[in-house]
Amino acid sequence: MTDADHYSNPERFAERKGAKRYRAAINRLGLCCACIHRDRDNTAWGRSICQYGQTRLYPQCQTDGRATKFEPDGEEVHRIMEGIQHAA
């Protein structure tokens, strides 16, 4: 059983709504914004880019074998979640 099995209906609804907000924020910012390998100084069209090349975006980094794969940056994910909670 997962933790979601122990939630009441209102709690499940709140969890799903939070997850939906997080996915929307990541889609808006681009998944690379939450990667530890992003170029912190440069962006392309307002979105984060990979430090290993401007043409390398998620999910290409998972399969091209050229450099490291996507790894989430815990601090950045936390910052995104804080922004979502303050906007709600």
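Look a little higher up for the structure.
Predicted, not measured: the structure shown is a model, and the values here were computed from it.

So, on to empty space enclosed by the protein. All told, the structure shown has one cavity of 30 Å³ or more when counted by the stated rule. In this model, the largest cavity occupies a volume close to 70 Å³. Surrounding the largest cavity, C32, C35, H37, R38, C50, R56, Y58, C61, T68, K69 and F70 form its lining. Taken together, the residues that form the lining of the largest cavity break down as six nonpolar, two polar and three charged.

To locate leftover empty space, one rolls a probe as large as a water molecule over the atoms. In this structure, the largest pocket spans a volume of roughly 220 Å³. Taken together, 14 residues line the largest pocket, and the ones lying closest to its centre are G30, C32, R47, S48 and L57. When the residues that make up the lining of the largest pocket are grouped by side-chain class, the tally is nine nonpolar, four polar and one charged.

Within this structure, the stated rule accounts for three salt bridges. A salt bridge links E76 to R79, with the shortest nitrogen-to-oxygen separation between them at 2.4 Å. Residue E76 and its partner R79 are both found in helix α3 (residues 74–87); the two are separated by three residues, about one turn of the helix. Among the ionic contacts, a cluster of salt bridges with common partners joins R38, D73, E76 and R79.

Structurally, T63 can be placed in helix α2 (residues 60–63). A sequence separation of 48 residues divides T63 from E15, and the C-alpha atoms of the two residues are 31 Å apart.

Below, the discussion takes up the nonpolar core. Counting residues in each nonpolar core, the largest one holds six residues, listed as A25, I26, C33, A34, I80 and I84. Counting only elements with at least two residues in this core, the list comes to α1 (9–29) and α3.

About the cut-offs
Residues numbered from 1 in each chain as written. Predicted model: local features only at pLDDT ≥ 70, side-chain atom pairs only at ≥ 80, totals over all residues. Heavy atoms only, no water. 1 Å grid on protein atoms, 1.4 Å probe; cavity = no way out; pocket = protein on both sides within 12 Å on 5 of 7 lines; lining within 4 Å. Points joined across faces, edges and corners; volume = space filled by probe spheres on them. Nonpolar A, V, L, I, M, F, W, Y, C, P; charged D, E, K, R; others polar. Salt bridge = Lys/Arg side-chain N within 4 Å of Asp/Glu carboxyl O. Helix = DSSP H or I, 4+ residues; strand = E, 2+ residues; numbered from the N terminus. Core = buried A, V, L, I, M, F, W, Y, C linked by side-chain atoms within 4.5 Å. Buried < 20%, exposed > 50% of the residue type's maximum accessible area, 1.4 Å probe, protein only.

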